[in-house]
Amino acid sequence: MRLAMYKLPIAIAAALLGTAAQSTTLFDHANGVQADARGRIERFDGILISDDGKVVRILRKGEARPAAKRVVDVGGKTMLPGLIDAHGHIMGLGFAALTLDLTGTTSLADLQQRLKDYAAAHPDYPWIVGRGWNQESWSDKCFPTADDLNSVVPGRPVWLERVDGHAAVANTAAMKLANVGPGTKAPAGGEIHDGLFVDNAMDMVGKVIPEPTAEMRDRALAEAQSAMLKVGLVGAADMGSSADDWAAFRRAGEASTLKVRLFSYASAPENWRAINGSKPTGWMYGGRLRLLGTKLYADGALGSRGAWLKAPYHDRPDTRGLQFHSDGELLAQAREVAGGGGQIATHAIGDAANAQVISIYEKLTAEFGSDRRWRIEHLQIADPKDFPRLKPAGIIASMQPTHQTSDRLMAEARLGRDRLVGAYAWNTMLKRGVPLAFGSDFPVESPNPFPGLSAAISRQDGNGQPAGGWLPGERITLGQALHAFTRGAAFAGFSEAEMGALDPGKWADFIIVDRDPTTVDAQALARTKVLETWVAGERVWAAQPNVPSGEPEK
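Residues numbered from 1 in each chain as written. Predicted model: local features only at pLDDT ≥ 70, side-chain atom pairs only at ≥ 80, totals over all residues. Heavy atoms only, no water.

**A word on the nonpolar core**
Part 1: The biggest cluster of nonpolar side chains holds 111 residues, and the ones touching the most others in it are I90, L302, Y361 and F438.
Part 2: It is helix 12 (residues 351-368) that contributes the most residues to this core, seven residues altogether.
Part 3: Setting aside chain neighbours within four positions, we find L302 in contact with A307, Y313, I349, I381, M410, A411, R414, L415 and Y424.
Part 4: Residues L102, A119, L149 and L196 belong to the second largest nonpolar core, which totals 19 residues. (Core = buried A, V, L, I, M, F, W, Y, C linked by side-chain atoms within 4.5 Å. Buried < 20%, exposed > 50% of the residue type's maximum accessible area, 1.4 Å probe, protein only. Helix = DSSP H or I, 4+ residues; strand = E, 2+ residues; numbered from the N terminus. Contact = heavy atoms within 4.5 Å.)

Here you go:
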């Protein structure tokens, strides 16, 4: 192309270049920071964007500034590529803003008081639904029971999910509506204890809770988008979309109110069939929505002892957790999705579950080829003997750094110190050449990616604990962590050509933040504030929306 331009008369070439310049916006005087393809920090101080929202050129110090139709002076503030959460729950995040929030409860009494206040404030709600409690944060670490809820709200049905979504407690009124009594047996892969429903048993009550209306789903989606944009997330993989969720995403796309980029994974094979007839989609609505495949489950969660382990739990030797499917069942589900061209993302937390999923993926790679990017979601506790199998099977490690900081004490209790080698092993993944994609698992954790970046580089929480970091050999560099939240998350969703970095030809998705992540310590990094969020060259969120930035807020 460059040689052809030299053959044109100078006047014609100049005119063509001038026309191109008039359809661009130059963001200048930026402190630009991003991860390059190898996970190293790359700097720039300007970016040229076309009117269709794509990056035309990255500018570095000393380079001449091209002519542009518009110029936005960033004023030396730090610009980062928009961050992508590789594992979240969009509607869960939105509904969390519309239901009883139990995040951060410090005791059973605290949960009961919040329940009492919420019931009084919403006397017309036929069901009281909430989420976010974590008994591991309570001094006695005891799970709540039906009687604990009955003492506060005896008449209306109550259903309160644990923070990880793998257990919930119901009161007696809710259990009566579900025809669950003292002699009711839990299904395979589930447990029932005094009103506590774990993993596969949860649907016994969940199925009788009234479904949200389309209007409620639309409102929840709007709430989720607002929460994401506020913390600098321009996209996320929705791990578990129902057909109704997909319909809400489509409605927002048709109405041009879908501002973030959603990688959708159906919640089960039946939803995979219902959403698009067992076929993935390309990007829709200007790169805002795409169906990629299906999320499957191999086990439950560590906190509720549903994670499937190779050896018994250290703090409850009578169980190894819950195996959700036999090898044959899981392989049949995976083959159905893969046969339709879909990508598979499988939840696996315990080392037995991870070993099972690796075996399934090994079979699929032999059958369907090496670049299907099979994903393991969480990969929290793995047997080091299984690590060499990951890369040959074409597996992506989709992991969540803040799970490590939230779970470390509980993980020590569940497994004992001697079995923690291979836990939350981010550095090991990279050393073995396994692609790493980071997320948060919101609303289990906050959608804010900056505490995740902080945890990844320090293995410490926001208070700097523990000193020196927890299993510090698994720390990674800032460049590697930023890569996992941008390029890595895009790669995990087959979208590295369109997003994940401010490279020419990709969407101009970026954020302006209040500090340079390369010059602050881990705890200060976790406190980073987003000032503006831009998607496809349009400002879609601002901390101070009335402050001019060169473009009107969209």
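We are not done yet, so read on.
**Points about the packing of helix 13 (residues 401-415) against helix 15 (residues 449-458)**
Part 1: The interhelical angle for the contact between helix 13 and helix 15, taken along N-to-C directions, is 70°, at an axis separation of 7 Å. Between helix 13 and helix 15, the crossing angle belongs to the class labelled roughly perpendicular. Across the interface between the two elements, P401, T402, Q404 and T405 from helix 13 touch P451, G452, A455 and A456 from helix 15.
Part 2: Residue composition of the contact of helix 13 with helix 15, grouped by class: four nonpolar, four polar and no charged. (Axes fitted to C-alpha atoms, helices over the stretch in contact; angles between N-to-C directions. Parallel < 35°, antiparallel > 145°, perpendicular 65-115°, else oblique. Nonpolar A, V, L, I, M, F, W, Y, C, P; charged D, E, K, R; others polar.)

**Some details on the sheet that holds strand 7 (residues 100-101)**
Part 1: The strand order 7-8-9-10-12-11 describes an open sheet built from six strands, whose pairing is mixed. What marks the edges here is a single partner per strand, and that holds for strand 7 and strand 11 (190-193). (Pairing = 2+ DSSP bridges.)

**Considering the packing of aromatic side chains**
Part 1: For the structure shown, the criterion picks out 13 aromatic pairs.
Part 2: Taking the centre distance of 6.2 Å and the plane angle of 90° together, the rings of W133 and F143 count as edge-to-face. Taken as a pair, W133 in strand 8 (residues 128-133) and F143 in the loop between strand 8 and helix 5 (146-150) lie far apart in primary sequence, ten residues in all.
Part 3: The interplanar angle of 80° and the centroid separation of 5.2 Å between the aromatic rings of F263 and W283 together place this pair among those described as edge-to-face. You can see F263 sitting in strand 14 (residues 261-266) and its partner W283 sitting in the loop between helix 10 (269-276) and strand 15 (289-297), a full 20 residues away along the chain.
Part 4: Relative accessible area serves as the criterion here: at 21%, W283 is assigned to the partly exposed category.
Part 5: In textbook terms, an aromatic cluster arises when at least three aromatic residues are bridged by ring pairs, as seen for F27, F510 and W534.
Part 6: Lying across the ring of W507, K54 places its NZ or CZ 4.6 Å from the centre. (Phe/Tyr/Trp six-rings, centres within 6.5 Å; stacked < 30°, edge-to-face > 60°. Lys NZ or Arg CZ within 6 Å of the ring centre and 35° of its normal.)

**Looking at the side chain of D509**
Part 1: Secondary-structure assignment places D509 in the loop between helix 17 (487-492) and strand 20 (510-513).
Part 2: Within the local environment of D509, its side chain forms a polar contact with the backbone nitrogen of A536, the two atoms lying 2.8 Å apart.
Part 3: Among all residues touching D509, those that are not within four sequence positions of it are P81, G82, V234, R261, L502, W534, V535 and A536. (Polar contact = N/O pair within 3.5 Å; in protein donor to acceptor, adjacent residues only side chain to side chain.)

**Concerning the pattern of salt bridges**
Part 1: Tallying each qualifying case throughout the model produces 35 salt bridges.
Part 2: A salt bridge links R375 to E377; the nearest nitrogen and oxygen atoms lie 2.7 Å apart.
Part 3: Connected through salt bridges with shared partners, the residues K310, E362, D383, D386 and R389 form a single ionic network. (Salt bridge = Lys/Arg side-chain N within 4 Å of Asp/Glu carboxyl O.)

Everything listed here is a matter of coordinates, which is why it stays silent on function.
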